[in-house]
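This is what each chain is made of:
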Amino acid sequence: MSAQTVRFDTLPFALAELRPELDAAIAAVLDRGQLARGPELPAFEAEFAAECNAHYCVGVGSGMDALELILRAYGIGPGDEVLVPAHAFVATWLAVSHVGATPVPVEVDPRTYCLAAPSVRYTGLVDALTPRTKALVAADLYGRKVPTRHLAPFCKLHGIALIIDASQAHGARAVDGTERGLIGDAAAFSFHPTANLGCLGDGGAVVSDDASLIERVRHLRGYGATVDAGSDVHGLHSRLDEIQAAVLRVRLRHLDDWNRRRQDLASKYLAILQGQVEVLSPPGDAASCDVWHNFVVRTSRRDALAEHLRKAGIETAVDPKVPCHQSAAYAREFAGRSFPVAEALAAQCLSLPLSPHHTADQIGYVAAAVRTFIAAR
Ligand SMILES: Cc1ncc(COP(=O)(O)O)c(C=O)c1O
């Protein structure tokens, strides 16, 4: 195969494909002249709630705001503890810290890379509980739903809220393929531009079936303002504006198709790479439930593999680069604590290019380059 350049970020191609629809949607907002509090936001909220099989959706300013608003709406704050995965994107932890609560990391299962109920004993979820525990935030990392069905009874039994950080799994189904949504008590989504469902800047949403929780989130996102008595709480200002909502309505129409393209390309990778290198993928048929936000391989020679691919013109990414407990923001708080699975994952994981705008030929080229690296061992 001849040398190619394979970019990791294909956002320009995504925008080019949708450009006529985006131009029309944005023009409609500009013609209306209402950049906030117009019709696009409630329309998007209804459409995205339906997409998630949920009753309610509230658009907010970012994924991290969505997490923070959920925690605050539950009244979680100083003195409270929140269980979080040790292997996570740092925003999952930061949201807990922002409300003044303490993130309590729990190791992920080394086979599923998430907090999985069959491994509850292993992951130490039970051991991490204290009378101060108020919630568990589980993350659908890399595009795969956490086993909400198993985690929900655990949370119910212990009287804590189950919050799903679904920022990497828009449109994903449960691993058995039967349901979509699976939002726990409440889910937070990010719509950053490279998300499976992304806007043109920052955006996020809270999704839930709980009407009173949603009412509190709505109140908190708008300064905690009341009709005529000013703010009755220290609220946030966290807005999903009309242009972003209009853009998301366009993107939402393509979500299933674009996720299917990701799944087809992931199948191609799997056909070539499985058995050659460890792939962070769900078992068997469940690969078609994963929406493959990232296609992640794991090797103890990660940096050498990345360099080998770079020389072949292939961009890759590492996420997270540092386990959260070792990042500067948390190193002091967690000094002397070790989470070996999270540490190994951060040291060994590499995301290969995969998006709806890569071609099968490009995926074949990358997979062949990975195989060449392995064969040269
Ligand atoms: C798993 C996860 N949680 C939270 C966030 C934060 O979202 P935002 O950047 O919109 O604040 C992200 C963003 O990529 C994410 O991937």
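### Observations regarding the overall build of the chain
Inference 1: Scanning the chain from terminus to terminus reveals twelve helices and ten strands.
Inference 2: Rg of the C-alpha trace for the chain: 21 Å, near the compact-globule value of 21 Å for 377 residues, within the 12% margin.
Inference 3: If you line up the chain on its principal axes, its C-alpha atoms span 70 × 55 × 40 Å.
Inference 4: Counting every position in the chain, which comprises 377 residues, the buried fraction comes to 46%.
Inference 5: Within the chain, contacts between residues at least 6 apart in sequence are counted, and of these 71% link residues at least 24 apart.

### Quick word on the domain arrangement of the chain
Inference 1: Here the chain is described as being made up of domain 1 (12-249) and domain 2 (255-375).
Inference 2: Placing the centre of domain 1 and that of domain 2 at their C-alpha centroids yields a distance of 24 Å.
Inference 3: Counting residues at the interface gives 27 residues for domain 1, matched by 26 residues for domain 2.
Inference 4: Those elements that provide at least two residues to the side of domain 1 that touches domain 2 are α1 (11-32) and α4 (90-98).
Inference 5: The residue makeup of the side of domain 1 that touches domain 2, split by class, is 17 nonpolar, seven polar and three charged.

### Let's talk about the site of the ligand
Inference 1: The local shell around the ligand holds 14 residues, among which S62, G63, M64, S167 and S190 are the closest.
Inference 2: For the shell around the ligand, the secondary structure elements donating two or more residues are α3 (63-73) and α4.
Inference 3: When grouped by side-chain class, the residues that make up the shell around the ligand number four nonpolar, eight polar and two charged.

### What to know about α4
Inference 1: The complete set of buried residues in α4 reads A91, T92, W93, A95 and V96.
Inference 2: The inward-facing, buried residues of α4 contact α3, β2 (81-85), β3 (102-106), β4 (133-139) and β5 (161-165).
Inference 3: Positive phi shows up at G100, right after α4, with a value of about 90°.

### Concerning the environment of I243
Inference 1: Looking at the secondary structure, you find I243 in helix α9 (residues 242-273).
Inference 2: For I243, a count of 21 C-beta atoms within 10 Å gives the class buried.
Inference 3: Spatially, the C-alpha atom of I243 lies 17 Å from that of A195, the residues being 48 residues apart in sequence.
Inference 4: Filtering out sequence-adjacent residues up to four positions away, I243 remains in contact with I26, V29 and L35.

### Quick notes on unusual backbone geometry
Inference 1: Of note, the amide linkage connecting D319 to P320 takes the cis form, showing an omega dihedral of 0°.
Inference 2: By secondary structure assignment, the location of P320 is in the loop between α10 (302-311) and α11 (340-348).
Inference 3: At R37, a residue that is not glycine, the phi angle is positive and equals roughly 55°.
Inference 4: Considering the arrangement of structural elements, one finds R37 in the loop between α1 and α2 (40-51).
Inference 5: With phi around 50°, W292 is a residue other than glycine that occupies positive phi space.
Inference 6: Tracing the chain through its elements places W292 in the loop between β8 (278-279) and β9 (295-298).
Inference 7: Its 28 C-beta neighbours within 10 Å are what place W292 among the buried residues.

### A few points about the nonpolar core
Inference 1: Counting 110 residues, the largest nonpolar core has I70, A135, L136, V137, I163, V206 and V207 as its most contacted members.
Inference 2: Here this core takes nine residues from α9, the largest share from any one element.
Inference 3: Split by domain, the residues of this core number at least three in each of domain 1 (12-249) and domain 2 (255-375).
Inference 4: Every residue in contact with I70, bar those within four places of it in the chain, is listed here: I163, A186, A188, V206 and V217.

### Some words on the environment of S97
Inference 1: Residue position: S97 is located in helix α4.
Inference 2: Residue class for S97 comes out partly exposed when judged on the 16 C-beta atoms lying within 10 Å of it.
Inference 3: Residues S97 and G77, 20 residues apart in the sequence, show an inter-C-alpha distance of 8.8 Å.

Criteria and thresholds
- Residues numbered from 1 in each chain as written.
- Predicted model: local features only at pLDDT ≥ 70, side-chain atom pairs only at ≥ 80, totals over all residues.
- Helix = DSSP H or I, 4+ residues; strand = E, 2+ residues; numbered from the N terminus.
- Rg over C-alpha atoms; globule rule 2.2 N^0.38 Å.
- Buried ≥ 20, exposed ≤ 12 C-beta atoms within 10 Å, placed from the backbone.
- Contact = placed C-beta atoms within 7 Å.
- Domains from an automatic or database assignment.
- Nonpolar A, V, L, I, M, F, W, Y, C, P; charged D, E, K, R; others polar.
- Near = placed C-beta within 6 Å.
- Core = buried A, V, L, I, M, F, W, Y, C linked by C-beta atoms within 7 Å.

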